[in-house]
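# What the coordinates show
Read off the chains here:
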Amino acid sequence: MVRINSTSGHEAAIRQHLLGELRRLGCRPSVDKKGNIHAVLTGALAHGPTILFNAHMDTVVPGENVRPKVLSDRIVSDGTTILGADDKAGLAGILEMLALLQEKNVLFHKIKIILTVEEEIGLRGAKALLFPAVRADYCFVLDSDGAVGSIVNQSPAQEVLTFKVRGKSAHAGLNPEDGVNAIKIAGLAISQIPSGRLDGETTANVGSVRGGTASNIVPDETIVVTEARSRSEKKLQKQVRGMLHAFRSAAKKLGGSVEIERRREYEAIKQPKNSAIVRVTKIAARRLGLPHTVASSGGGSDASIIFGYGVPTVGLGIGMENVHSKQEYITLRNLTVLPQYLLALLEAAHDYERRRRSK
Ligand SMILES: [Zn+2]
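No experiment lies behind these values; they were computed from the predicted model shown.

Turning our attention to the packing of aromatic side chains. How two aromatic rings sit relative to each other is given by the distance of their centres and the angle of their planes. Evaluated as defined, the whole model comprises four aromatic pairs. Arranged with centres 5.9 Å apart and planes meeting at 45°, the rings of F131 and Y309 form a pair that is tilted. Taken as a pair, F131 in helix α4 (residues 131–134) and Y309 in the loop between α8 (302–308) and β16 (313–317) lie far apart in primary sequence, 178 residues in all. Here F163 and F247 contribute two aromatic rings whose centre-to-centre distance is 3.7 Å and whose plane-to-plane angle is 5°, an arrangement assigned as stacked. Residue F163 is located in strand β9 (residues 157–166), and its partner F247 is located in helix α6 (residues 233–254); the two are separated by 84 residues in the primary sequence. Given a relative accessible area of 0%, F163 falls into the buried group. On the basis of relative accessibility, which here comes to 0%, the residue F247 falls in the buried class. Through successive ring pairs, a cluster of aromatic residues spans F53, Y138 and F140. Positioned over the ring face of Y329 is R74, at 4.2 Å from the centre of the ring.

Structure representation (structure tokens):
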């Protein structure tokens, strides 16, 4: 699959491939308006949990014409592109799990599969999902680094703030006193904003500054794009308030104005360690003798969107490493153990629900 070009927004070829594979495995997949693939499998059990498996179809750049090399213990690219284990290892894990389900005649109640587009450019595929489609008792998102058996149970909420700073243009040599320099306002505001890693669960960044046209014109507009993330909503709000204040007061001080666009990108995930889904991941890891580690992530993923719908969700380590770089790789061991782990999750979830019902 890594040989099939599928950078974000160009998923048609990988989608065709996946639809064919899913049909071959006995599914009747459908494609929604955004281009995401959906499949629902109904098993032989009348009762049991609905389990959703999710991965994304797109890759980052440079991700075209990937030439994978299979070494003795791992798969790498030829060094000119990414490998695309992010997230094709996730796709492969799901397909192989479906094959194992058939081979081993595994009993289950209901499995849902959602394969999204455009995850890497702002979770756009996931954001187009509607609630009935994502409704599930357990959701496993196959899109984290770390060995199979590790999970991500916490990730931050993110807000993106765009500041359109307005000043007043004037000739820089003839009448500078008539101008208000929008770049200076932006600079003053930026200097007041704490950024980088602010504490164990909060980060902020000034990501881009655009403004000005020539040395002899006092610039009348500067656009600054920033973001803040935190696993604590309170800390996120505090940081956002500080950023808003910095721009408003800088504009006021230097005689300009600021227009603010505020966008919530996704919500935080907090899946308690004693929740059913985390316990199920632990039971499954133990059955296969895999180390079970629970970690928090600094980034958003499709999991952030699905969790936002109230679906119990965790991210699964799928063994991909150095993602988003030309040094990306995955070990053969992780690639082969992943489908077995997914199957173990399915069985552990059914056992867990059965015990809960009989209590
Ligand atoms: Zn990914």
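Below, the discussion takes up the coordination of the zinc ion. For the zinc ion, the full set of protein donor atoms is H56 (NE2), D86 (OD) and D143 (OD), at a range of 2.0 to 2.2 Å. Sequence positions of the donors to the zinc ion reduce to the motif H-x29-D-x56-D. Here H56, found in strand β3 (residues 50–56), pairs with D86, found in helix α2 (residues 85–103); they are 30 residues apart in sequence, far enough to count as distant. For the residue pair H56 and D86, the accessibility class agrees, reading buried in each case.

This paragraph deals with the sheet that holds strand β4 (residues 69–70). Ordered in space as β4-β5-β18-β17, the four strands form an open sheet in which the pairing is antiparallel. The open sheet terminates on both sides in strands that have one partner only, identified here as β4 and β17 (320–321). Where strand β5 (residues 74–76) and strand β18 (residues 329–331) come together, three bridges link them in antiparallel fashion. Bridged to R74 within β18 is T331. Of the strands in this sheet, β4, β5 and β18 touch helix α9 (residues 332–358), which is tilted by about 65° from β18.

Note that side chains of opposite charge can pair when their charged atoms are close. Evaluation of the coordinates by the stated rule reveals 20 salt bridges. For E221, the salt bridge goes to R166, with nearest N and O atoms at 3.3 Å. One end of the pair, E221, is in strand β12 (residues 221–230); the other, R166, is in strand β9, with 55 residues separating them in the sequence. The salt bridge involving R166 is made with E259; its shortest N-O contact spans 3.0 Å. Of the two residues, R166 is situated in strand β9 and E259 in strand β13 (residues 257–266); the sequence distance between them amounts to 93 residues. Among the residues examined, E259 registers a relative accessible area of 43% and is labelled partly exposed.

For the rest of this paragraph, the subject is the sheet that holds β12. Where strands meet in a sheet, backbone hydrogen bonds hold them as pairs that are either parallel or antiparallel. Read from one edge of the open sheet, five strands run β10-β11-β12-β9-β13, paired in antiparallel fashion. Of all strands in the sheet, those with a lone pairing partner are β10 (196–199) and β13, marking the two edges. The average angle at which neighbouring strand axes cross in this sheet is 20°, direction not considered. Note that β9 and β12 share ten bridges and pair antiparallel. Bridging from a neighbouring strand, F163 pairs with V224 of β12. Helix α5 (residues 182–192) rests against β9, β11 (202–211) and β12 of the sheet, and its axis sits at about 20° to β12.

Turning our eyes to something else, we now look at the packing of α2 against α9. Viewed as axis vectors pointing N to C, α2 and α9 meet at an angle of 60°, and their least axial separation amounts to 8 Å. With respect to α9, the element α2 is oriented oblique. For the pair α2 and α9, the crossing hand works out as right-handed. Along the contact surface, α2 presents A89, G93, I94, E96, M97, L100 and L101, while α9 presents L335, L338, P339, Q340, L342, L343 and L346. Taken together, the residues of the contact of α2 with α9 break down into eleven nonpolar, two polar and one charged.

Taking the UniProt record as the reference, the feature "active site" (unreviewed entry) is found at E119. Assessed through its relative accessible area of 6%, E119 is described here as buried. Setting aside residues up to four positions removed in sequence, E119 forms contacts with H56, D58, D143, G300, S301 and D302.

Rules used in this analysis
- Residues numbered from 1 in each chain as written.
- Predicted model: local features only at pLDDT ≥ 70, side-chain atom pairs only at ≥ 80, totals over all residues.
- Heavy atoms only, no water.
- Phe/Tyr/Trp six-rings, centres within 6.5 Å; stacked < 30°, edge-to-face > 60°.
- Helix = DSSP H or I, 4+ residues; strand = E, 2+ residues; numbered from the N terminus.
- Buried < 20%, exposed > 50% of the residue type's maximum accessible area, 1.4 Å probe, protein only.
- Lys NZ or Arg CZ within 6 Å of the ring centre and 35° of its normal.
- Donors = N, O, S within 2.8 Å, 3.2 Å for Na, K, Ca; no water.
- Pairing = 2+ DSSP bridges.
- Contact = heavy atoms within 4.5 Å.
- Axes fitted to C-alpha atoms, helices over the stretch in contact; angles between N-to-C directions.
- Salt bridge = Lys/Arg side-chain N within 4 Å of Asp/Glu carboxyl O.
- Parallel < 35°, antiparallel > 145°, perpendicular 65-115°, else oblique.
- Left-handed = near helix turned anticlockwise from the far one by under 90°.
- Nonpolar A, V, L, I, M, F, W, Y, C, P; charged D, E, K, R; others polar.
- UniProt positions renumbered as here; feature names shortened; annotations may be inferred.

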